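# An overview of the molecular structure
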Amino acid sequence: MQLDAAGARAILRCPLIPGINADDTHLEGIARIANSLVHVTEITLHPYHLLGKSKSERIGAHYPLPHNDFAEAHAVGLWLSVIADRTRVPVRNNR
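What counts, and where the lines are drawn
Residues numbered from 1 in each chain as written. Predicted model: local features only at pLDDT ≥ 70, side-chain atom pairs only at ≥ 80, totals over all residues. Heavy atoms only, no water. Helix = DSSP H or I, 4+ residues; strand = E, 2+ residues; numbered from the N terminus. Buried < 20%, exposed > 50% of the residue type's maximum accessible area, 1.4 Å probe, protein only. Contact = heavy atoms within 4.5 Å. Areas by Shrake-Rupley, 256 points an atom, 1.4 Å probe, with all protein chains shown as cover. Core = buried A, V, L, I, M, F, W, Y, C linked by side-chain atoms within 4.5 Å. Expected span 1.5 Å × (residues − 1). Arc of directions from axis to C-beta.

### Things to note about the overall build of the chain
Across its full length, the chain carries four helices and three strands. When the elements of the chain are put in sequence order from the N terminus, they spell out α-β-α-β-α-α-β. Projected onto its principal axes, the C-alpha coordinates of the chain cover approximately 45 × 30 × 20 Å. For the chain, buried positions account for 34% of its 95 residues. Sequence separation of at least 24 residues holds for 70% of the intrachain contacts in the chain that already meet a minimum separation of 6. With an accessible surface of roughly 6300 Å², the chain has 56% of that area assigned to carbon and sulfur atoms.

### Regarding the nonpolar core
Generally speaking, nonpolar side chains in soluble globular proteins are found buried as a group. The biggest cluster of nonpolar side chains holds 19 residues, and the ones touching the most others in it are Leu27, Ile30, Ile43, Leu45, Trp79 and Ile83. Of all the secondary structure elements, the ones that give two or more residues to this core are β1 (10-16), α2 (24-36), β2 (40-47) and α4 (73-84). Counting residues per element, this core draws most heavily on α4, which supplies six residues.

### Comments concerning α4
Compared with the 16 Å implied by 1.5 Å per residue over 12 residues, the 16 Å span of α4 between its first and last C-alpha is a close match. The set of residues buried in α4 consists of Ala75, Val76, Trp79, Leu80, Val82 and Ile83. Projected onto a plane normal to the axis of α4, the buried residues spread over an arc of 165 degrees and lie on a single side. Seen from the open side of α4, the exposed residues pointing more than 90 degrees away from its buried face are Ala73, His74 and Leu78.

Take a look at the structure:
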């Protein structure tokens, strides 16, 4: 909020994980945050993917997320729509 008050432009980068935070309440919260800040220029969604799983395995770390696949394209489209319908800020997918 201090950066916004100082005029700093910002992009909201939002990781979305099915079953963890990819629900209407969270999506509406993203839009609410964007609407409360004057200098947000974009919301970028980062759908869940498995690219970090192999790194966790290589270093012997437990991979904490139970998902075994990428977020489905139709789900990502719905997430984009939910947020876009609730804010003036452009929303894009970073997949």
